[in-house]
Amino acid sequence: MDERIYALRQDARERGEPVLRDKSFDLLIKTVTEHAPTTILEIGVNEGLSGIAMLLAATNSRLTGIEIDEDKAIKARANYRAFGVDKRAKIFLGNASEIVPLLSGKYDFIFLDGPKGHYGEYCDNLINALNVGGVLFADNVLYRGYVGKGKTAPHKHATIKHSLENFLDKITNDESLKTTVYETEDGVSVTEKLYEKNRTFSARRGL
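Residues numbered from 1 in each chain as written. Predicted model: local features only at pLDDT ≥ 70, side-chain atom pairs only at ≥ 80, totals over all residues. Heavy atoms only, no water.

Caption draft 1: Quick peek at the overall build of the protein chain. The helix and strand inventory of the protein chain stands at 7 helices and 7 strands. Residue pairs at least 24 apart in sequence account for 67% of intrachain contacts in the protein chain once pairs closer than 6 positions are excluded. Accessible area of the protein chain: about 10,000 Å², with a carbon and sulfur share of 49%. (Helix = DSSP H or I, 4+ residues; strand = E, 2+ residues; numbered from the N terminus. Contact = heavy atoms within 4.5 Å. Areas by Shrake-Rupley, 256 points an atom, 1.4 Å probe, with all protein chains shown as cover.)

Structural data, given as C-alpha cells:
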C-alpha cells in the first residue's frame, strides 16, 4: 500500500475526520485484495482515502462513491487525481437514502460506512445490488458496544442501535448470505452473497 495513504489517514484523524480505524482498514484492504473486485460501491466517501486504498489494492477495479458533503466530495476528487485513480472513480453527491434505491449497477464489493441509523434501511437494496460471490463490508456494526442482545443504549442512540440490529439480523439470518461479524474496534461485518433470491426492496430506476 502507498505510504502516502497512511500519512493522509493520520492527518485526517488529527483534524477530527471520521477515519476508518487501523485494524478495520487493514481488514478492508485484505478483503478487497483477496476478492479482487472489478466494481466497487462505497457509501460514505469522506475524503476518498479508503476508496483510493481499495482502488490501489484492486488494480482492475472501478469505484462508485456516494457522499452527502460537497466539500468532502471535492476533497476526495482532488485526492483521486493526486493518486492517479480519478479515471476509475466517480462520486454521486447526495443523500444515500435517496441514491441507494436508484442504483442500477451491480457490484462485486460494497463498502458501507455511511450513516449508521440507515444501515437497516439500505440493506435489501445493497444485497440486491451485489453480484453473486460479491462482498458487503460494513463498518461500525457494533456501535460503541451498544449493539447486541441484552445491551442497552442511551435514548439518543436508540435509533442507531435498532437500525444496526435490524441490519445484522438480515445479513446473518439470510440463507443466501454468509456473514462474519468481527469485534475488531467498533465492529465490522463481512457478508458474501452465495446466490440470488427474491427479496423485497425499493424500486431501482437507473442511476
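Caption draft 2: The side chain of Asp 139, seen in detail. Examined against the element boundaries, Asp 139 turns out to sit in strand β5 (residues 130-139). Although Asp 139 is buried, it makes no salt bridge; Lys 116 carries the closest opposite charge, 5.3 Å away. Setting aside its immediate chain neighbours within four residues, Asp 139 contacts Leu 20, Ser 24, Phe 111, Leu 112, Asp 113, Lys 116, Tyr 119, Gly 187 and Val 188. (Buried < 20%, exposed > 50% of the residue type's maximum accessible area, 1.4 Å probe, protein only. Lys, Arg positive; Asp, Glu negative; His and termini not counted. Salt bridge = Lys/Arg side-chain N within 4 Å of Asp/Glu carboxyl O.)

Caption draft 3: Quick look at helix α2 (residues 22-35). For α2, built from 14 residues, the straight-helix expectation of 20 Å at 1.5 Å per residue is met to within 8% by its first-to-last C-alpha distance of 20 Å. The inward-facing, buried residues of α2 abut α1 (3-14), α3 (49-57), β4 (107-112), β5, β6 (177-182) and β7 (188-193). Following α2 by one or two positions, Ala 36 adopts a phi angle in the positive range, close to 45°. (Expected span 1.5 Å × (residues − 1).)

What is shown is where atoms sit, not what they do.
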